[in-house]
2 protein chains.
Amino acid sequence: MLPFSRISIIGLGLIGSSIARAVRAHMPTVGITGYDADPAVRERAAELGIADDVTDTPGAAVTDADMVMLCVPVGAMREAGEAIAADLADGVVVSDVGSVKGSILDDLRAVLPPGVAIVPGHPVAGTENSGPDAGFAQLFHNRWCILTPDERTEAFAVERLSAFWSRLGANVEVMDPKHHDLVLAVTSHLPHLIAYTIVGTASDMESVTRSEVIKYSAGGFRDFTRIAASDPTMWRDVFLANKEAVLEMLQRFTEDMTALQRAIRWDDGDALFNLFSRTRAIRRSIIDQGQDDARPDFGRAHD
Amino acid sequence: MLPFSRISIIGLGLIGSSIARAVRAHMPTVGITGYDADPAVRERAAELGIADDVTDTPGAAVTDADMVMLCVPVGAMREAGEAIAADLADGVVVSDVGSVKGSILDDLRAVLPPGVAIVPGHPVAGTENSGPDAGFAQLFHNRWCILTPDERTEAFAVERLSAFWSRLGANVEVMDPKHHDLVLAVTSHLPHLIAYTIVGTASDMESVTRSEVIKYSAGGFRDFTRIAASDPTMWRDVFLANKEAVLEMLQRFTEDMTALQRAIRWDDGDALFNLFSRTRAIRRSIIDQGQDDARPDFGRAHD
Ligand SMILES: NC(=O)c1ccc[n+]([C@@H]2O[C@H](COP(=O)([O-])OP(=O)(O)OC[C@H]3O[C@@H](n4cnc5c(N)ncnc54)[C@H](OP(=O)(O)O)[C@@H]3O)[C@@H](O)[C@H]2O)c1
Ligand SMILES: NC(=O)c1ccc[n+]([C@@H]2O[C@H](COP(=O)([O-])OP(=O)(O)OC[C@H]3O[C@@H](n4cnc5c(N)ncnc54)[C@H](OP(=O)(O)O)[C@@H]3O)[C@@H](O)[C@H]2O)c1
């Protein structure tokens, strides 16, 4: 049995359009309506045919839906919830894909009517690109999707949403929102913060020109530029919404960096060698568990 | 005309074996001899047939060569030079591929006989893997190779080495060794240092398990694990040999990180947004100049 028969997607960018495409691919009989605040995105989404109907108002997109997925930046979730509240069908399941889970459940409960089952979620999958053209149906294959309900959340809604994400090829995990935010601070938010920083540092150097940075980026730097090319609005919202956990992780990172700095300053080759040997094991596990491409250099083309 | 007719490669790992394969592919009539300190590597290199002859002593590998390329870790360069000194032919060109250029010219001049032309070099290309099986002929295609001769270096030798790297598909640049070390500190050494650090930080967390770090690594963390899986000996040597420039760049990075930390702490969304918007341009240039894969996610497979 299909978990839902008519879904509505609010926000038709990378994640929203990928969900639409994945539903088409894996549950072709499910009806899809969509809405985006940006008229150009609506037009493009309609052109691409990723939904049966792209509506001009948020309300019109949700009236018939038995599941609504909010795919807007974290800072716009509450507003997006408010905009659909009056038009939701009774018994509808509302979920989201925001990268921070903290208070989203409370925020949505505050703006949505009582008959609505709310199950916050976060598919840990993405690319550096944004917008409806960047999406693709396989984005969630073998990736994890974390759901963060609480004890008040209706069990049926959690089950259906799990089934939904499984159908799209994802593995589903249920987690406490606070713990989600701590885990993602390490595996996603801190890496982005560091990448944005080093790309900024390299651009601002006077002794090394920007053209040199670009020419010799294959030495390692280019790896960081990918995630530092991610959407500024999305990431501003993530750091503001997950401030506490991000600052805590940053503190840890800075301490470790200081230790390494000391090792370099005092020519402690053994300390360097030991750390550099330890860090290999994690990559091996990531590849063994299918969370990265096993080919060297991420499978980059060499021709 | 071919720049060299019989080359010798000392150190048959990733870079040495890639040079051998690239010479076979692009200059098939050139003779190749090779030597490696590790008997297992010698055996494997012979099995792979990447050289015409893999010898059991460094001296035997160089006697007939008109060019010798040292492809050993930075800390082993001097020793590798010493080991071949007595057997070099008169007029031979000796080069290397070490990732730090600092004092290599002086070091090699100190151990090699006067009739030898020394041209230090560094191909800015690699993968996270090591050893003779990891090499491939296309590694240097459209990558930059930096040569760092000084005013005493014979012009003919620089020209021949430039021609050699061009034949392997590389773009060649001549640079002052001090400047090379500063540029590479930004584009390669600091990125590796940061990647090693964050992978270490994530492994040592108590509040987040290692299994969680692995499962949710697709949020960004996995990008860092690739370079943090690079060879520990090579990287220990790089940091010890390029201490000054690395510490200077690390200082810059830490300052920028502190500014970003403040912006998060004080909810300064505009400062975050501005930095995150600036950093996109560099990736675009890197892709425009063919220094990274233009496909999203480095072209990783999604299936
Ligand atoms: N990108 C990733 O890797 C990734 C991974 C996992 C989860 N996420 C989460 O997924 C969500 C969407 O990210 P994305 O990458 O898909 O972003 P995206 O490609 O920029 O798409 C977001 C779309 O939502 C629209 N929007 C903004 N406010 C809206 C509102 N109130 N009502 C309707 N539409 C609105 C935006 O229009 P405007 O451009 O006009 O604002 C934009 O078209 C974010 O919460 C993000 O944290 C992202
Ligand atoms: N990897 C990269 O991305 C990259 C890029 C550009 C430049 N480089 C530079 O290229 C050089 C080689 O790196 P690689 O990645 O090719 O390393 P690799 O795959 O580990 O190969 C190096 C080989 O040299 C051998 N060796 C060590 N000392 C020797 C000696 N005195 N005489 C003969 N052989 C010796 C090693 O044997 P043992 O294992 O027994 O020590 C090993 O088989 C380094 O200087 C590095 O800085 C590397």
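Residues numbered from 1 in each chain as written. Chains lettered and ligands numbered in written order. Predicted model: local features only at pLDDT ≥ 70, side-chain atom pairs only at ≥ 80, totals over all residues. Heavy atoms only, no water.

**Some details on the packing of helix 7 (residues 177–203) of chain A against helix 7 (residues 177–203) of chain B**
Phase 1: For the pair helix 7 of chain A and helix 7 of chain B, the least separation of the axes is 11 Å and the interaxial angle reads 160 degrees. By the angle between their directions, the pair helix 7 of chain A and helix 7 of chain B is classed as roughly antiparallel. The interaxial crossing formed by helix 7 of chain A with helix 7 of chain B has right-handed handedness. Contact with helix 7 of chain A, carried on its side by Val 186, Leu 190, Pro 191, Ile 194, Ile 198 and Ala 202 of chain A, involves Val 186, Leu 190, Pro 191, Ile 194, Ile 198 and Ala 202 of chain B of helix 7 of chain B and no other residues of that element.
Phase 2: In the contact of helix 7 of chain A with helix 7 of chain B, the residues fall into 12 nonpolar, no polar and no charged. (Axes fitted to C-alpha atoms, helices over the stretch in contact; angles between N-to-C directions. Helix = DSSP H or I, 4+ residues; strand = E, 2+ residues; numbered from the N terminus. Parallel < 35°, antiparallel > 145°, perpendicular 65-115°, else oblique. Left-handed = near helix turned anticlockwise from the far one by under 90°. Contact = heavy atoms within 4.5 Å. Nonpolar A, V, L, I, M, F, W, Y, C, P; charged D, E, K, R; others polar.)

**Focus: the sheet that holds strand 2 (residues 31–35) of chain A**
Residues and elements named next belong to chain A.
Phase 1: Read across the open sheet, the six strands follow the order 3-2-1-4-5-6; overall the sheet is parallel. The strands lining the two open edges of the sheet, one partner per strand, are strand 3 (53–54) and strand 6 (117–119).
Phase 2: Across three bridges, the pairing between strand 5 (residues 93–96) and strand 6 is parallel. By the bridge assignment for strand 6, Ser 95 is matched with Val 119.
Phase 3: Across the sheet, helix 4 (residues 77–85) lies against strand 1 (6–10), strand 4 (67–70) and strand 5, angled at about 150 degrees from strand 4, the strand it touches most. (Pairing = 2+ DSSP bridges.)

**Points about the domain arrangement of chain A**
Residue and element names in this part refer to chain A.
Phase 1: Each assigned domain of chain A is listed here: domain 1 (6–175) and domain 2 (179–299).
Phase 2: One C-alpha centre belongs to domain 1, the other to domain 2, and the line joining them spans 30 Å.
Phase 3: Counting residues at the interface gives 19 residues for domain 1, matched by 18 residues for domain 2.
Phase 4: For the interface between domain 1 and domain 2, the tally reads one salt bridge.
Phase 5: Our enumeration of links across domain 1 and domain 2 arrives at 10 residue pairs in polar contact (both at pLDDT 80 or more).
Phase 6: Taken together, the residues of the side of domain 1 that touches domain 2 sort by class into eight nonpolar, eight polar and three charged. (Domains from an automatic or database assignment. Salt bridge = Lys/Arg side-chain N within 4 Å of Asp/Glu carboxyl O. Polar contact = N/O pair within 3.5 Å; in protein donor to acceptor, adjacent residues only side chain to side chain.)

**Some thoughts on the relation of the copies chain A and chain B**
Phase 1: Of the two same-sequence chains, chain A is brought onto chain B (RMSD 0.0 Å, axial shift 0.0 Å) by a rotation of 180 degrees. Put plainly, the chains are arranged around a two-fold axis.
Phase 2: Interface overlap between copies: 100% of the residues of chain A at the interface are likewise at the interface in chain B, consistent with a symmetric, same-surface contact. (Least-squares fit on C-alpha atoms with pLDDT ≥ 70 in both.)

**Some words on the nonpolar core**
It is characteristic of soluble globular proteins that their nonpolar side chains tend to be buried jointly.
Phase 1: Of all hydrophobic cores here, the largest spans 92 residues; its most connected members are Ile 194, Phe 224 and Phe 253 of chain A together with Ile 194, Phe 224 and Phe 253 of chain B.
Phase 2: If we ignore the near neighbours within four places in the chain, the residues touching Phe 224 of chain B are Pro 191, Ile 194, Ala 195, Phe 224 and Ile 227 of chain A together with Ile 194, Ala 195, Ile 198 and Val 199 of chain B. (Core = buried A, V, L, I, M, F, W, Y, C linked by side-chain atoms within 4.5 Å. Buried < 20%, exposed > 50% of the residue type's maximum accessible area, 1.4 Å probe, protein only.)

**A few points about helix 6 (residues 155–167) of chain A**
Residues and elements named next belong to chain A.
Phase 1: Helix length check: helix 6 (13 residues) gives 18 Å between terminal C-alpha atoms against 18 Å at 1.5 Å per residue, within 8%.
Phase 2: Among the residues making up helix 6, those that are buried are Ala 157, Val 158, Leu 161, Ser 162, Phe 164 and Trp 165. In a view along the axis of helix 6, the buried residues occupy a sector of 160 degrees, so they form one face of it. Opposite the packed face of helix 6, turned more than 90 degrees from it, sit the exposed residues Ala 155 and Glu 159. (Expected span 1.5 Å × (residues − 1). Arc of directions from axis to C-beta.)

**A short note on the site of ligand 2**
All names here are of chain B.
Phase 1: With respect to spatial proximity, 28 residues lie near ligand 2, and among them Ile 15, Asp 36, Val 72, Ser 99 and Gly 131 are the closest.
Phase 2: In this structure, Leu 14 approaches ligand 2 through a main-chain N or O atom, which is 2.9 Å from an oxygen atom.
Phase 3: The side chain of Asp 36 places a nitrogen or oxygen atom 2.7 Å from an oxygen atom of ligand 2.
Phase 4: For ligand 2, the protein covers 83% of the area, taking 890 Å² as the surface of the free molecule.
Phase 5: For the shell around ligand 2, the secondary structure elements donating two or more residues are helix 1 (14–26), helix 4 (77–85) and strand 7 (121–123).
Phase 6: Among the residues making up the shell around ligand 2, the classes are represented as 16 nonpolar, nine polar and three charged. (Near = heavy atom within 4 Å. Areas by Shrake-Rupley, 256 points an atom, 1.4 Å probe, with all protein chains shown as cover.)

**Let's talk about the sheet that holds strand 7 (residues 121–123) of chain A**
All names here are of chain A.
Phase 1: Reading across from one edge, 7-8-9 is the order of the three strands in this open sheet, with mixed pairing throughout. Each of the sheet's edge strands pairs with one partner strand only, and the pair in question is strand 7 and strand 9 (171–174). Each strand axis lies, on average, 20 degrees off the axis of its neighbour in the sheet, ignoring direction.
Phase 2: Packing of helix 6 onto the sheet brings it into contact with strand 7, strand 8 (144–147) and strand 9, and relative to strand 8 it is tilted by some 165 degrees.

**Overview of the packing of helix 11 (residues 243–265) of chain B against helix 12 (residues 269–278) of chain B**
Residues and elements named next belong to chain B.
Phase 1: Two elements in contact, helix 11 and helix 12, have axes separated by 8 Å at closest approach and are oriented at 135 degrees. In terms of orientation, helix 11 and helix 12 fall into the oblique class. Along its contact with helix 11, which presents Leu 260, Ala 263 and Ile 264, the element helix 12 presents Ala 271, Leu 272 and Leu 275.
Phase 2: Here the residues of the contact of helix 11 with helix 12 sort into six nonpolar, no polar and no charged.

**Concerning unusual backbone geometry**
All names here are of chain A.
Phase 1: Positive phi is not limited to glycine here, since Asn 142 has a value of about 60 degrees.
Phase 2: On the secondary structure map, Asn 142 appears in the loop between strand 7 and strand 8.
Phase 3: Relative accessible area serves as the criterion here: at 34%, Asn 142 is assigned to the partly exposed category.

**Focus: the pairing of strand 1 (residues 6–10) of chain B**
Residue and element names in this part refer to chain B.
Phase 1: Most of strand 1 is tucked away, with four of its five residues classed as buried.
Phase 2: The handedness of the strand 1 to strand 2 (residues 31–35) crossover, carried by helix 1, is right-handed.
Phase 3: Strand direction decides the pairing type here: strand 1 and strand 4 (residues 67–70), joined by four bridges, are parallel. Bridge pairing in strand 4 places Ser 8 opposite Val 68. (Right-handed = clockwise from strand over helix to strand, strands pointing away.)

**Focus: the interface of chain A and chain B**
Phase 1: At the interface, 108 residues of chain A touch 108 residues of chain B.
Phase 2: Taking both sides of the interface into account, the surface hidden between chain A and chain B amounts to around 10600 Å²; carbon and sulfur atoms contribute 65%.
Phase 3: Of all residues in chain A, Tyr 216, Phe 276 and Ile 282 of chain A give up the largest surface area on contact with chain B, accounting jointly for 7% of the area buried on that side.
Phase 4: Inspection of the region where chain A meets chain B yields 16 salt bridges.
Phase 5: Of the charged contacts in the structure, one is a salt bridge between Asp 292 of chain A and Arg 300 of chain B, with a shortest N-O distance of 2.7 Å.
Phase 6: Here chain A and chain B share 44 residue pairs in polar contact (both at pLDDT 80 or more) between them.
Phase 7: For the side of chain A that touches chain B, the class distribution of residues is 49 nonpolar, 31 polar and 28 charged. (Buried area = accessible area lost by both parts, 1.4 Å probe.)

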